[in-house]
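Geometric and topological summary
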Amino acid sequence: MADGFQFAFTPEVDKATQPLWEKVKGHITPMEWRLQAPLIAEINRLKRDKNAVILAHNYMTPEIFHGVGDYVGDSLGLAKEAAKSDAKIIVQAGVHFMAETSKILSPDKTVLIPDLRAGCSLASSITGADVRLIKQRYPGLPVVTYVNTTADVKAETDVCCTSANAVQVVEHVAREWGVDRVILIPDEFLARNVARQTTVGIIAWKGRCEVHERFNAADILELKAAYPDAQILAHPECPTEVLEVADFAGSTAAMNDYVLTKKPKQVVLITECSMADNVAIDAIETEFVRPCNLCPHMKRISLENIYEALVKNQHEVLVDPDIAERARLSVQRMIDLPPPLVPARYDLIKARHHVDVELI
């Protein structure tokens, strides 16, 4: 490691990290903690010394999420919080498109990502050039783009959306543009699930999240048979057949809120593995059943490379100023929308009705 720092579990480290240990000790073994705690203590010291913050996505492992994360949650929420902070350095504990979004919203701050290889199958499914061709094919139709995309895609977009507000954004732009069809890219399954929630026609792209596309209805029915009292919560990036048999569908933030407010006795989160680990730490009354699909890109982020990024100021994420300015407009248009009248969730009665999308 850099600077000859000795990662030893000293009494000083034990004292500094004791409150964190009390929070995570049901989910991290004492042996693991003795290895992790010295790094956690040093990372938190470096943050103070360098005026840095760490954005920890819901899919980070617990030692990152609870140990060093200053802001935790979904990708857009993290970027918005970082933009409001007075930190000079942002370390993105997530994937590359998230770091780009942070840079777009915080152009004067240094944004670092611990591993440049932390990509995303969904974000890499489409380019800005693809979007320009789509607009040529469908002139006059608004383009709504999921925030899980690169900056050059956002720059070609009219309005961005999240999984939580995708229905709201689609209906808003249809009204504003005076059209009955909207282009919603790049996640095919999010588009198909949105199509079942609205009368607005959806034109979709065949992009997929490699974590969520692996779930299917048979998986959910097996879980229901094995755990009849469990509530099944699904992310809208899952195939439509999954939402048809789920008990609830919503964004990672919506799933988190559901568990913490409803306090189900048993729950299954149909999303990336670490989400359940992180929610479980605060939801002590709920038993979590864990069908596990890992995101290999998220799991590239570790305490070790977070430390290296801070020590060396390495792996800075930059966005071309012209692209960043145009991308910022599409993100800001979404941010400026009024909040939904009701909490964001997918109506599962509507989700069971077949609605065609036009797949590009």
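Below is a summary of the structure that appears in this document. Quick caveat, the model's predicted, so the values are computed rather than measured.

Let's talk about the sheet that holds strand S1 (residues 52–57)
The 4 strands lie next to each other as S2-S1-S3-S4, forming an open sheet whose pairing is parallel. The outermost strands of the open sheet, each flanked by one partner alone, are strand S2 (71–73) and strand S4 (110–112). Averaged over all pairs of adjacent strands, the angle between strand axes in this sheet comes to 20°, irrespective of strand direction. Pairing of S1 with strand S3 (residues 89–93) involves 5 bridges; the strand directions are parallel. In the strand pairing of S3, Leu55 is matched with Gln92.

Observations concerning the packing of aromatic side chains
Scanning the model with the defined rule gives 3 aromatic pairs in all. Consider the rings of Phe7 and Tyr307, whose centres lie 5.2 Å apart with planes at 85°: the pair is edge-to-face. Of this pair, Phe7 sits in the segment before helix H1 (11–24) while Tyr307 sits in helix H14 (residues 303–312); the two residues are 300 residues apart in sequence, bridging distant segments of the chain. Both rings, one in Trp21 and one in Trp33, keep their centres 5.5 Å apart while their planes meet at 35°; by these two values the pair is tilted. Taken together, the residues span a long stretch of sequence, with Trp21 in helix H1 and Trp33 in helix H2 (residues 30–50) at a distance of 12 residues.

The rules behind these values
Residues numbered from 1 in each chain as written. Predicted model: local features only at pLDDT ≥ 70, side-chain atom pairs only at ≥ 80, totals over all residues. Heavy atoms only, no water. Pairing = 2+ DSSP bridges. Helix = DSSP H or I, 4+ residues; strand = E, 2+ residues; numbered from the N terminus. Axes fitted to C-alpha atoms, helices over the stretch in contact; angles between N-to-C directions. Phe/Tyr/Trp six-rings, centres within 6.5 Å; stacked < 30°, edge-to-face > 60°.

What is shown is where atoms sit, not what they do.
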